[in-house]
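Chain residues, written in single-letter form:
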Amino acid sequence: MNAPRIHDVTCELLDFWRLKTQLSKGRPFDVAEDVSQFSFDAIMSAAMGLGPEGGDIRRQMDHLTALRSKIASSAAADLNEIFSFPAVERSAKLEALRVNEDSLWKGFVMPWPTLYHRINNMRPAVRKAGATLRGYIASQIAKAVPRLADDGQPLCALDYVIQREIKAASKENRTPVLDDPRILEPIYGYLIAGHDTSSGSLLWSLRRFLEHPDNQTRIRDSLRQTYADAWLERRLPTAAELVRHNAYLDAFIEEVLRIDTPVVNIMVMTRMDTVVLGYPVPADTRVFLNLTGSSLNRPSVVVDESIRSDTSQTHRPSRENWDDSNPTEFLPERWLRKDQEGKVIFDASLGPALAFSAGNRGCWGKRLGYLELRIVLTLLLWSFHFELPEKGVSWETFDSLVVAPKKCIIRLSEASRDA
Ligand code: HEM
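Residues numbered from 1 in each chain as written. Predicted model: local features only at pLDDT ≥ 70, side-chain atom pairs only at ≥ 80, totals over all residues.

A. Representation of the site of the ligand. The environment of the ligand is formed by 22 residues, the closest being Ala-193, Gly-194, Cys-363, Gly-365 and Gly-369. Going through the elements one at a time, helix H9 (181-211) and helix H14 (366-383) are the ones with two or more residues in the shell around the ligand. For the shell around the ligand, the element with the highest residue contribution is H9, accounting for seven residues. In the shell around the ligand, the residues fall into 12 nonpolar, nine polar and one charged. (Near = placed C-beta within 6 Å. Helix = DSSP H or I, 4+ residues; strand = E, 2+ residues; numbered from the N terminus. Nonpolar A, V, L, I, M, F, W, Y, C, P; charged D, E, K, R; others polar.)

Below you can see the structure in the form of structure tokens.
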């Protein structure tokens, strides 16, 4: 159900970047904000649909199209100059989500998070942001109900939730309760947890394309074999075709998540007195867990096996570090092996990675996160060559809810017309 939605919004991104390349006459431009807006469109359309007005990328596209002649005449003579496009305001929904994301990460770094949120939630900007997003969710529910009651097909996550409630209410002979916070809040959670994380992973992936053009070529060539009909017919692979995986792309994505993990650590609370590697930790202690570092993308730390708990010793994974294969190096091939017929396959069990955390608190959007990355990276590589510009390259990162590149300056050229 999600794949066609993500495919649609990715096609808009392709059109948008083609327009930008055309208007800038092939000059490089920064795509960091575009990626954030694209990820918002993707998560919105998967969660509750974008509606006929489209998303933030469509807004920008309309804006640039209207200013087309003005922009084209303003292009500087130097083809290496980074081109800046006139900005258009983000939609009220994306601006609202930004306010929420900002509050959430500030809560992490405050000494008294509960007190901080209590005060912060009284700020007019925060109240307005909540009202904007909850109002939009309520309006999408109102639109979906008559369609679904009339046996319409669910098109997004929200539709499924509503459909289930309509069916349950009909069975119990009662009116469906559709303003229940148990419907609204998880959809809200979907947006907050799925936007910055997907956007950060996508930015890191683009950065790795720029840094490792050999990876771009290898994956693109391999994609043209996996989706051979599409390549023969000189068209994009469809959402249905993209169900088939490509080992090199899967390995690239896994390696980006291992080495450029967007959520670098999480915090949990001990529910009872416990012992970790011989150290007693009392109940109700806040514990930071690293999703990067030793054993994951750094050499492991030597641990005396006898101080591990019995359960840890019984359930030792087959491979618990990358020490013998350069853990700090970006090497997607670490995730590849040959199967019995000698075919190269992707194998996620070849070593540890924790980008989505694990256990009860682990990411429940993991499948959607992977799906989005697979679709968008396939269609981007299929359509464009990503080149590192000669000027203005910045490898700076920002650190908030996620760690991600601050800027992502790229130069694009067409790959869909390659011989
Ligand atoms: C590549 C993209 C993603 C990454 C790297 C990622 C990473 C994570 C991590 C590390 C956690 C654990 C947080 C914690 O324990 O405090 C988490 C939780 C979660 N994620 Fe994701 N995520 C991604 C995409 C998504 C998407 C697309 C969704 C939307 C459905 C989503 C929804 C959630 C939710 C609802 C939680 C649970 C939050 C909680 O209960 O504390 N994630 N994610």
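B. How the structure looks around the sheet that holds strand E8 (residues 384-387). Strand order in the open sheet formed by three strands is E1-E11-E8, with antiparallel pairing between adjacent strands. Edge positions in the sheet fall to strand E1 (29-30) and E8, since each has one partner strand and no second. In terms of strand pairing, E1 meets strand E11 (residues 409-414) through two bridges, oriented antiparallel. Within the sheet, the bridge partner assigned to Phe-29 lies in E11 and is Ile-410. (Pairing = 2+ DSSP bridges.)

C. Local environment of the environment of Phe-85. Along the polypeptide, Phe-85 turns up in the loop between helix H4 (68-73) and helix H5 (92-109). Spatially, the C-alpha atoms of Phe-85 and Arg-18 are 13 Å apart, while their sequence positions differ by 67 residues.

D. Focus on the packing of H9 against helix H12 (residues 247-259). Their axes nearest at 10 Å, the elements H9 and H12 cross at an angle of 110 degrees. Of the possible angle classes, the one that applies to H9 and H12 is roughly perpendicular. In this structure, H9 contributes Ser-201, Trp-204, Ser-205 and Arg-208 to the contact, and H12 contributes Ile-253, Val-256 and Leu-257. Looking at the contact of H9 with H12 residue by residue, the class counts come to four nonpolar, two polar and one charged. (Axes fitted to C-alpha atoms, helices over the stretch in contact; angles between N-to-C directions. Parallel < 35°, antiparallel > 145°, perpendicular 65-115°, else oblique. Contact = placed C-beta atoms within 7 Å.)

E. Region of interest: the environment of Leu-115. Along the chain, the position of Leu-115 falls in helix H6 (residues 113-120). Sequence separation of Leu-115 and Leu-158 is 43 residues, and the distance between their C-alpha atoms is 32 Å.

F. Expanded view of unusual backbone geometry. In this structure, Lys-25 is a non-glycine residue whose phi angle is positive, near 55 degrees. Residue Lys-25 is classed as exposed on the basis of its 11 C-beta neighbours within 10 Å. Phi is positive for Asn-173, close to 55 degrees, though the residue is something other than glycine. With respect to the helices and strands, the residue Asn-173 is situated in the loop between helix H8 (157-171) and H9. C-beta crowding within 10 Å serves as the criterion here: with 6 such atoms nearby, Asn-173 is assigned to the exposed category. (Buried ≥ 20, exposed ≤ 12 C-beta atoms within 10 Å, placed from the backbone.)

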